[in-house]
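Spelled out, the chains give:
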Number of protein chains: 2
Amino acid sequence: MNDVNGRTRIPGTVAYRLGVLGAISENRFATAIAPLDLKPKHVGLLAALESAQGLSQQELATRLGVVPSLVVALADHLEKLDAIRRERDPADRRRQTLVLTDVGRALLTRCEREAAALDRALTAQLTAAQLSALDEVLSLLAAEAGMPSPR
Amino acid sequence: MNDVNGRTRIPGTVAYRLGVLGAISENRFATAIAPLDLKPKHVGLLAALESAQGLSQQELATRLGVVPSLVVALADHLEKLDAIRRERDPADRRRQTLVLTDVGRALLTRCEREAAALDRALTAQLTAAQLSALDEVLSLLAAEAGMPSPR
DNA sequence: TATTGTTATACTCTATAACTATA
DNA sequence: TATAGTTATAGAGTATAACAATA
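For clarity, every value in this text was computed on a predicted model and none was experimentally measured. (Residues numbered from 1 in each chain as written. Chains lettered and ligands numbered in written order. Predicted model: local features only at pLDDT ≥ 70, side-chain atom pairs only at ≥ 80, totals over all residues. Heavy atoms only, no water.)

Undergrad: Looking at this structure, how should I read the overall build of chain A?
TA: Of the regular secondary structure elements, chain A holds 6 helices and 5 strands. Each helix and strand of chain A, ordered N terminal to C terminal, gives the series β-β-α-α-β-α-α-β-β-α-α. Its C-alpha atoms give chain A principal-axis dimensions of about 65 × 30 × 25 Å. Within the span of chain A, comprising 151 residues, buried residues form 48% of the whole. Restricting the contact set of chain A to residue pairs at least 6 apart, pairs at least 24 apart contribute 50%. (Helix = DSSP H or I, 4+ residues; strand = E, 2+ residues; numbered from the N terminus. Buried < 20%, exposed > 50% of the residue type's maximum accessible area, 1.4 Å probe, protein only. Contact = heavy atoms within 4.5 Å.)

Undergrad: What exactly am I supposed to notice about the environment of Leu 49 of chain B here?
TA: Residues and elements named next belong to chain B. Inspection of the secondary structure assignment puts Leu 49 in helix 2 (residues 40-51). Sequence separation between Leu 49 and Val 99 is 50 residues; the distance between their C-alpha atoms is 6.9 Å. Once residues within four sequence positions are removed from consideration, Leu 49 is found in contact with Gly 54, Leu 55, Leu 60, Ile 84, Leu 98, Val 99 and Leu 100.

Undergrad: I would appreciate a short explanation of the protein's contact with DNA strand D in the present structure.
TA: Contacts to DNA strand D come from 17 residues, most closely from Gln 57, Gln 58 and Gln 96 of chain A together with Lys 39 and Lys 41 of chain B. A breakdown of the atoms of DNA strand D within 4 Å of the protein gives sugar and phosphate a share of 69%. Gln 58 of chain A places a polar main-chain atom, nitrogen or oxygen, 2.7 Å from a phosphate oxygen of DNA strand D. Contributions of two or more residues to the surface near DNA strand D are made by helix 3 (57-64) and helix 4 (68-80) of chain A together with helix 4 (68-80) of chain B. For the surface near DNA strand D, a count of residues per class yields 3 nonpolar, 6 polar and 8 charged. (Near = heavy atom within 4 Å. Polar contact = N/O pair within 3.5 Å; in protein donor to acceptor, adjacent residues only side chain to side chain. Nonpolar A, V, L, I, M, F, W, Y, C, P; charged D, E, K, R; others polar.)

Undergrad: Help me out: how do you make sense of the protein's contact with DNA strand C in this one?
TA: Near DNA strand C lie 17 residues; those nearest to it are Lys 41 and Arg 93 of chain A together with Gln 57, Gln 58 and Gln 96 of chain B. When the atoms of DNA strand C within 4 Å of the protein are grouped by moiety, sugar and phosphate amount to 68% of the total. Between DNA strand C and Lys 39 of chain A, the relevant distance is 2.9 Å, taken from a phosphate oxygen to a side-chain nitrogen or oxygen of the residue. The separation between a phosphate oxygen of DNA strand C and a polar main-chain atom of Gln 58 of chain B is 2.8 Å. Of all the secondary-structure elements, those providing two or more residues to the surface near DNA strand C are helix 4 of chain A together with helix 3 (57-64) and helix 4 of chain B. Residue classes in the surface near DNA strand C are distributed as 3 nonpolar, 6 polar and 8 charged.

Undergrad: Any chance you could explain helix 2 of chain B here in plain terms?
TA: The α-helix winds at 3.6 residues per turn, so residues separated by three or four positions along the chain end up facing the same way. Taking 1.5 Å of rise per residue, 12 residues should cover 16 Å, and helix 2 of chain B covers 17 Å from first to last C-alpha, within 8% of that figure. Burial in helix 2 of chain B covers these residues: Pro 40, His 42, Val 43, Gly 44, Leu 45, Leu 46, Ala 47, Ala 48 and Leu 49 of chain B. (Expected span 1.5 Å × (residues − 1).)

Undergrad: Help me understand the nonpolar core, please; the structure alone is not making it clear to me.
TA: General note: in soluble globular proteins, nonpolar side chains tend to be found buried as a group. Leu 38 and Leu 45 of chain A together with Leu 38 and Leu 45 of chain B are the most contacted members of the largest nonpolar core, which totals 92 residues. Contact partners of Leu 38 of chain B, with chain neighbours within four places excluded, come to Ile 33, Val 43, Leu 46, Leu 78, Leu 81, Leu 107 and Cys 111 of chain B. (Core = buried A, V, L, I, M, F, W, Y, C linked by side-chain atoms within 4.5 Å.)

Undergrad: Can you help me understand the relation of the copies chain A and chain B in this one?
TA: Two copies of the chain are present, and they differ by a rotation about an axis and a shift along that axis. Note on the copies: chain A fits chain B at an RMSD of 0.1 Å, the axial shift is 0.0 Å, and the rotation between them is 180 degrees. Given the turn and translation reported, the copies of this chain are related as if by a two-fold rotation axis. Proximity to the rotation axis, assessed at the C-alpha, singles out Gly 22 of chain A in chain A; its C-alpha lies 2.2 Å from the axis. Comparing contact sets, 100% of the residues at the interface of chain A also lie at the interface in chain B, consistent with an isologous, same-surface contact. (Least-squares fit on C-alpha atoms with pLDDT ≥ 70 in both.)

Undergrad: Help me understand the packing of helix 1 (residues 14-33) of chain B against helix 5 (residues 102-122) of chain B in this model?
TA: Helix packing geometry: the angle between the two helix axes and the distance between the axes. Residues and elements named next belong to chain B. Packing of helix 1 against helix 5 brings their axes to within 10 Å, and their N-to-C directions diverge by 140 degrees. With respect to helix 5, the axis of helix 1 lies oblique. The element helix 1 and its partner helix 5 pack so that their crossing is right-handed. From helix 1, Ser 25, Arg 28, Phe 29, Ala 32 and Ile 33 reach across to helix 5, where they touch Cys 111, Glu 114, Ala 115, Leu 118 and Leu 122. (Axes fitted to C-alpha atoms, helices over the stretch in contact; angles between N-to-C directions. Parallel < 35°, antiparallel > 145°, perpendicular 65-115°, else oblique. Left-handed = near helix turned anticlockwise from the far one by under 90°.)

Structure follows, in structure tokens:
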């Protein structure tokens, strides 16, 4: 597919194109949510919390594929926005359980709308068949890449 | 496609998945070429130079979608590796034309092999039909995203 | 006066490692 | 002694802005 005369041109590789496209997608999403004072990683944390309320920061770190100290920074910011609350686990007072507040849920909803709009713009030229092929292929690639998932 | 009960879940969006997948791809490529003392952006510059020899640093900055001062840093490093040479344009002595050396071409070839191997690993589970659908869809997405291309 | 390349500087993101408090 | 979270620190990467040389 990318080979010409047995040579693979870098800009034609799936890896290269995914990298560039991914950076553009993330940039656009970051721009869209900037007015909410959120960055993509914050949204990842909120989404992870929504699907599994009351995770500890360590668990979050694993799910998001980041280092625990980064979760601290993300949680600090989200707490300042009243989007989450930290609650001590009574059973083990070292652990802090993060819970989504109403404000956090509302923020997440607004982010979802932005993401949906971005998706529409991005996939505007795709037929329904191409769209479902994309969905399928992204899932296969994600599995192959061992993509950490907040789901 | 990503909507459940009229709600778009962030982790299901094309934008989100492209972002994560792109970051993973870039990381893997970065790891693969680290022994060559190169980063993905260096390879992007080499690839751009190969398809259009003798570009100025300004032109490169535009093609790569980065700021001119970053091209200086990338070119400094590549020059130290003897992968490129800077040549003053005799017609306009402010301009410096970057040219790929034999060392640079050899490095690029090794990067191409790494990229090809990465692609094989990434797309191992895809059928031929899915692979060509992916190719097509990536091109459409790239066009829609206004992806800067070193080609 | 405008443009090319460079340098100086600063900012964002994230990781590593040391530290505190609980266990 | 081990673990959850935090803090302090540092590094990579990249942008902005001031500057020098040339047009």
